[in-house]
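# Report on the structure
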Amino acid sequence: MEKFEINNIETTLIHTNKFKTLTFFVAFFGEFNKENATKRSLLTKIMNSTTKNYPTKKLVASKLFDLYDANVFVSNSPIYKTNLTVFGLSIINPRFVDDPNLLEEAFAFFKELIYSPNFDENGFNENEFKEKKRILRDNINNIYNNKAMYAFNRLLDEMGPNEIISVSSLGTIEELDKITPQSLKDFYYQIINNEMVKIYVTGDITREHVIELFRDFKFNNLRLNLEVASNDEKHEEFREVIENQNINQSQLMMGFRTNTNALDELYIPMAIFNMMYGGMVSSDLFRVVREENSLAYSVGSSVFFDNRLLIVNAGIDAGDYEKTRDLIINELDRYKRGQVDSNLLQVAKDNLISSMMETSDDPFSNLTFIIKNSMLKNYTTDDIIELIKKVTIDDVVNASQKVELDVIYCLKGEDNGNK
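The following refers to the structure shown. Here the structure is a predicted model, which means the values were calculated and not measured.

Counting its regular elements, the protein chain contains 15 helices and 13 strands. A globule of 419 residues ought to have a C-alpha radius of gyration of about 22 Å, and the protein chain, at 23 Å, matches this closely. Counting only C-alpha atoms, the protein chain reaches 65 × 50 × 40 Å along its principal axes. Within the protein chain, one finds 47 positive and 63 negative side-chain charges whose respective centroids are separated by 2 Å.

Structure follows, in structure tokens:
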């Protein structure tokens, strides 16, 4: 991994010949909050589809086909109170095709994607704006119909109504209604002119070539002090919230505070604890809740380090709520008492190591991993693999003892009596 600057922009080059492609990210780091979440969501949708000189999806698709099926994208993702907006280009390495101008043409289009959105003096193209706004509105409204997603969002609302965890990256209908073609154009310029920018490249390409390709990419590149990991503590007794709807399968969501983020010593042990607890098919929750007691259609856990959360979700019959809830709590208590299966620990380690190796073998995943870790401890995938190998049973017990139940939310339906 090599770091240098281009036009005062920090640039990271991962030189490797294991990919046939070259992948380029231009990443903008800004604040994520309730006021701008919907604008970020809508802007990403619009900029993914057209540009000023390629104002239709057909023209964009045709251009990418001419570039040997190159791929461009704009993505948007929050990391605690920091938002990451990435403009990406992936293209076959020109050494594999007979086209000496390929990379320069691809970069001209990449620059078009970033600098020339489909707008004029009045804002974004009216037809494109209305279409993408309609799609986003449908996506937000459809959360209600996806009961697992609805229950997840309701849990976060209950856990932190005044915290960033309750802010959806999709946005809200209320904020969407306020956005105009002009206000979205203004917001685009806020990102381009006022956010911190970094460049990331991976593939078989030299530093000198990267500098030449990005020679015309210039931004104000403000140096910002951004919050990327929560340090909030929670000491209240846990609460139970029950909501009833006319649905067949009930959704149980249990929100825990891990009191651990990616900057803490227990970062890797907490990831392994989550895998053992409910993060894989061979986990204890899957075995105890589903296989041994037949209490859930599905059950699992996920850890969110930027917000210091662990969420357990289970699809159950309404009549099995109390039994399922108690088993999930009892399994956590078992870990806290030091009852950890050494064989399961090794399975969890192997699964996480395999996942890290898959990440390093995919250029998109690897660059995304590097970007996020650049905001934290600058771990490489190899660093994390070595840390995983060193985790002991005591480390897992210590991690589990940091986990505190905060809110139980259950979206209850009819009691089917079947699994």
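We now examine the packing of helix 1 (residues 37-47) against helix 7 (residues 181-194). Helix 7 packs onto helix 1 with a crossing angle of 95° between their chain directions and a minimal axis gap of 10 Å. Judged by the angle between their axes, helix 1 and helix 7 are roughly perpendicular. Contacts between helix 1 and helix 7 involve Lys 39, Arg 40, Leu 42, Leu 43, Ile 46 and Met 47 on the former and, on the latter, Leu 184, Phe 187, Tyr 188 and Ile 191. For the contact of helix 1 with helix 7, the per-class residue count stands at eight nonpolar, no polar and two charged.

Our next topic: the pattern of salt bridges. Following the criterion strictly, the structure yields 26 salt bridges and no others. A salt bridge links Lys 130 to Glu 126, with the nearest nitrogen and oxygen atoms 3.7 Å apart. Of this pair, Lys 130 and Glu 126 both sit in helix 4 (residues 126-142), four residues apart, roughly one helical turn. By relative accessible area, which is 39% here, Glu 126 ends up partly exposed. With a closest N to O distance of 2.9 Å, Arg 287 and Glu 292 form a salt bridge. For Arg 287, a relative accessible area of 30% corresponds to the partly exposed category. Residue class for Glu 292 comes out exposed when judged on its relative accessible area of 51%. Each of Asp 284, Arg 287, Glu 292, Glu 331 and Arg 334 takes part in one network of salt bridges that share partners.

Within the largest apolar cluster, 66 residues are counted, with the highest numbers of intra-cluster contacts made by Phe 256, Ile 272, Phe 273 and Tyr 277. Excluding residues that lie within four positions of it along the chain, Ile 272 makes contacts with Leu 345, Ala 348, Lys 349, Leu 352, Ile 388, Val 391 and Val 396. Ranked by size, the runner-up nonpolar core spans 51 residues in total, among them Leu 13, Phe 109, Leu 136 and Ile 191.

With that settled, consider the sheet that holds strand 2 (residues 9-15). Reading across from one edge, 1-2-8-3-5-4 is the order of the six strands in this open sheet, with mixed pairing throughout. Each of the sheet's edge strands pairs with one partner strand only, and the pair in question is strand 1 (2-6) and strand 4 (71-79). Neighbour-to-neighbour, the strand axes of this sheet turn through a mean angle of 20°, independent of strand direction. The pairing of strand 3 (residues 21-31) with strand 8 (residues 196-203) spans seven bridges and is antiparallel. Bridged to Ala 27 within strand 8 is Lys 198. Helix 1 contacts strand 3, strand 4 and strand 5 (82-92) of the sheet and is inclined by roughly 170° relative to strand 4.

Right, let's get into the environment of Thr 50. Topologically, Thr 50 is positioned in the loop between helix 1 and helix 2 (57-66). Distance in space between the C-alpha atoms of Thr 50 and Val 60 is 6.5 Å, their sequence separation being 10 residues. Not counting residues up to four positions away in its chain, the partners in contact with Thr 50 are Pro 55, Thr 56, Lys 57, Val 60, Asn 118 and Glu 128.

About the thresholds
Residues numbered from 1 in each chain as written. Predicted model: local features only at pLDDT ≥ 70, side-chain atom pairs only at ≥ 80, totals over all residues. Heavy atoms only, no water. Helix = DSSP H or I, 4+ residues; strand = E, 2+ residues; numbered from the N terminus. Rg over C-alpha atoms; globule rule 2.2 N^0.38 Å. Lys, Arg positive; Asp, Glu negative; His and termini not counted. Charge placed at Lys NZ, Arg CZ, Asp CG, Glu CD. Axes fitted to C-alpha atoms, helices over the stretch in contact; angles between N-to-C directions. Parallel < 35°, antiparallel > 145°, perpendicular 65-115°, else oblique. Contact = heavy atoms within 4.5 Å. Nonpolar A, V, L, I, M, F, W, Y, C, P; charged D, E, K, R; others polar. Salt bridge = Lys/Arg side-chain N within 4 Å of Asp/Glu carboxyl O. Buried < 20%, exposed > 50% of the residue type's maximum accessible area, 1.4 Å probe, protein only. Core = buried A, V, L, I, M, F, W, Y, C linked by side-chain atoms within 4.5 Å. Pairing = 2+ DSSP bridges.

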